[in-house]
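Coordinate analysis (summary)
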Amino acid sequence: MSNIFTPFRYPGGKSKIAPMVRKTIKANNIKNVIFCEPFAGGAGVSIDLLMNGFVNEIILNDYDIAICSVWYSILYDTERLLSAIENVTIDINEWKKQKDIYTSLKDSNKYSFDLSFATFFLNRTNVSGVITGGPIGGVDQMGKYKLDCRFNKKSLMNKISAIASKRDRIMLYHMDASELISSVLTKMDPSRLFVMFDPPYYKQGESLYKNAFQKEDHVRLSHSIRMMNSFFWILTYDDEPVIREIYSDFPQETFELQYSVRNKRVETELLIHGPNTVFEKEEFLSLF
């Protein structure tokens, strides 16, 4: 199994910053850590920390029912998901079928195994994992890479089985992030909880995420995050002037990450942290 533990491919996924998160948790001397991603997506950091034994429990939340359904099937419909992965034929006819299923179910508000598998299938077979994007290699499969090049069945099944084995240490929610903060997170022990907020990008959110934010949504989230100031938290965003202004009263740092949505590129990211969170800038910058 590779050192990437999540079975998702995710645009903007933050698996690469897991070392920084580990250092920040250590710097704050947090014990028996509960780690939360209110915008879980592929949950690369959460799953890395849990599988490496660095945190005791994780909280995954995603408002997108399609993404949440995949996590639900990984945790609670595991054998059915493993069987579906093992037996699926990875070709364009299947891709078209799964795309139709996803389109018909993506706006529902309840768990569906069919939606879960369609979402997972498209994530693994679409360019850069963008679920609403096109297939790797194109519909005619004349591209350099083919549809199955990111669908190693054995590896994916191993990852899913490993995560499912720790289901008793994983809490899963399907809530708006602000609702999660007010009804769940602020009720928890602030000495144990560490939250990593990774909201939809301000600039490119609409092209990458089903539940993209408008400016007022980013502002509303900032008000909710301020309710967490007695907790340990960090926040990552695309480096945009509007975001810098919204969070102008908090410490801000920048770092660079490489992405591969369509074309590989390096983007400057913004990291913001709460007033109660010790953040070692030099340690952070040394990782990039």
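Residues numbered from 1 in each chain as written. Predicted model: local features only at pLDDT ≥ 70, side-chain atom pairs only at ≥ 80, totals over all residues. Heavy atoms only, no water.

**Focus: the overall build of the chain**
Looking only at helices and strands, the chain features 12 helices and 7 strands. Sorting the 288 residues of the chain into buried and exposed places 52% on the buried side. Once local pairs closer than 6 in sequence are excluded, the contacts in the chain between residues at least 24 apart make up 73%. When the accessible surface of the chain is split by element, carbon and sulfur atoms take 47% of a total near 13,000 Å². (Helix = DSSP H or I, 4+ residues; strand = E, 2+ residues; numbered from the N terminus. Buried < 20%, exposed > 50% of the residue type's maximum accessible area, 1.4 Å probe, protein only. Contact = heavy atoms within 4.5 Å. Areas by Shrake-Rupley, 256 points an atom, 1.4 Å probe, with all protein chains shown as cover.)

**Points about the pairing of strand β2 (residues 57–61)**
The buried fraction of β2 amounts to 4 of the 5 residues, a majority that puts the element mostly inside the structure. Looking at chain direction, strand β1 (residues 34–37) and β2 are connected through 4 bridges and run parallel. Paired with isoleucine 34 across the two strands is glutamate 57, which belongs to β2. Handedness of the crossover joining β1 and β2 through helix α2 (residues 44–51): right-handed. Judged from the 4 bridges that link them, β2 and strand β3 (residues 170–173) form a sheet pairing that is parallel. Bridge assignment links asparagine 61 to a residue of β3, and that residue is tyrosine 173. (Pairing = 2+ DSSP bridges. Right-handed = clockwise from strand over helix to strand, strands pointing away.)

**Section: the confidence of the model for the chain**
Overall, the prediction assigns the chain a mean pLDDT of 91, with 89% of residues at 70 or greater. Every residue in residues 205–209 scores below 50 in pLDDT, and together they form 13 contacts with partners more than four places removed in sequence or on other chains. (pLDDT = per-residue confidence, 0-100.)

**What to know about the nonpolar core**
One finds Val21, Ile25, Phe35, Trp71 and Phe194 to be the most contacted residues of the largest nonpolar core, which totals 57 residues. When near neighbours in sequence (up to four residues on either side) are disregarded, isoleucine 25 contacts Ile30, Val33, Phe35, Leu49, Phe54, Val55 and Phe194. Listed in part, the 28 residues of the second largest apolar core include Cys36, Met175, Met188 and Ile225. (Core = buried A, V, L, I, M, F, W, Y, C linked by side-chain atoms within 4.5 Å.)

**Concerning the pattern of salt bridges**
If you walk through the whole model with that rule in mind, you get 7 salt bridges. Between aspartate 77 and arginine 80 there is a salt bridge, with its nearest N and O atoms 4.0 Å apart. By relative accessible area, arginine 80 is classed as partly exposed at 46%. Where aspartate 249 meets arginine 226, a salt bridge forms, and the shortest distance between an N and an O atom there is 2.7 Å. (Salt bridge = Lys/Arg side-chain N within 4 Å of Asp/Glu carboxyl O.)

**Comments concerning helix α6 (residues 113–125)**
Since the α-helix advances by 3.6 residues per turn, residues separated by three or four positions end up pointing in the same direction. With 13 residues, α6 should cover 18 Å at 1.5 Å per step; its first-to-last C-alpha distance of 18 Å lies within 8% of that length. Summarising burial for α6: 12 of the 13 residues are buried, a large majority. By the burial criterion, the buried members of α6 are Phe113, Leu115, Ser116, Phe117, Ala118, Thr119, Phe120, Phe121, Leu122, Asn123, Arg124 and Thr125. Buried residues along α6 sit in contact with α3 (65–76), α4 (78–87), α5 (92–105) and α7 (153–164). N-capping of α6 is provided by serine 112, with a side-chain oxygen placed 3.3 Å from the backbone N of aspartate 114. (Expected span 1.5 Å × (residues − 1). Polar contact = N/O pair within 3.5 Å; in protein donor to acceptor, adjacent residues only side chain to side chain.)

**Let's talk about the environment of lysine 146**
One can find lysine 146 in the loop between α6 and α7. The class for lysine 146 is partly exposed, based on a relative accessible area of 36%. The spacing of lysine 146 and proline 135 is 11 residues in sequence and 8.5 Å in space, taken between C-alpha atoms. Excluding anything up to four places from it in sequence, lysine 146 contacts Ile136 and Gln141.

**Focus: the packing of aromatic side chains**
Scanning all chains against the criterion turns up 12 aromatic pairs. Relative to phenylalanine 213, the ring of phenylalanine 39 has its centre 5.9 Å away and its plane inclined at 70°; by these criteria the two rings are edge-to-face. With phenylalanine 39 in the loop between β1 and α2 and phenylalanine 213 in the loop between α9 (205–208) and α10 (215–225), this residue pair connects regions lying 174 residues apart in the sequence. Residue phenylalanine 39 is classed as buried on the basis of its relative accessible area of 16%. Accessibility expressed as a relative area gives 15% for phenylalanine 213, which makes it buried. With 6.1 Å between their ring centres and 80° between their planes, phenylalanine 120 and phenylalanine 151 make a pair best called edge-to-face. Taken as a pair, phenylalanine 120 in helix α6 and phenylalanine 151 in the loop between α6 and α7 lie far apart in primary sequence, 31 residues in all. Looking at phenylalanine 120, the relative accessible area reads 0%, which means it is buried. An aromatic cluster is present here, built from Phe197, Trp233, Tyr237, Tyr247 and Phe250 joined pairwise through their rings. (Phe/Tyr/Trp six-rings, centres within 6.5 Å; stacked < 30°, edge-to-face > 60°.)

**Brief notes about the environment of isoleucine 17**
Inspection of the secondary structure puts isoleucine 17 in the segment before α1 (18–27). A sequence separation of 27 residues divides isoleucine 17 from glycine 44, and the C-alpha atoms of the two residues are 9.2 Å apart.

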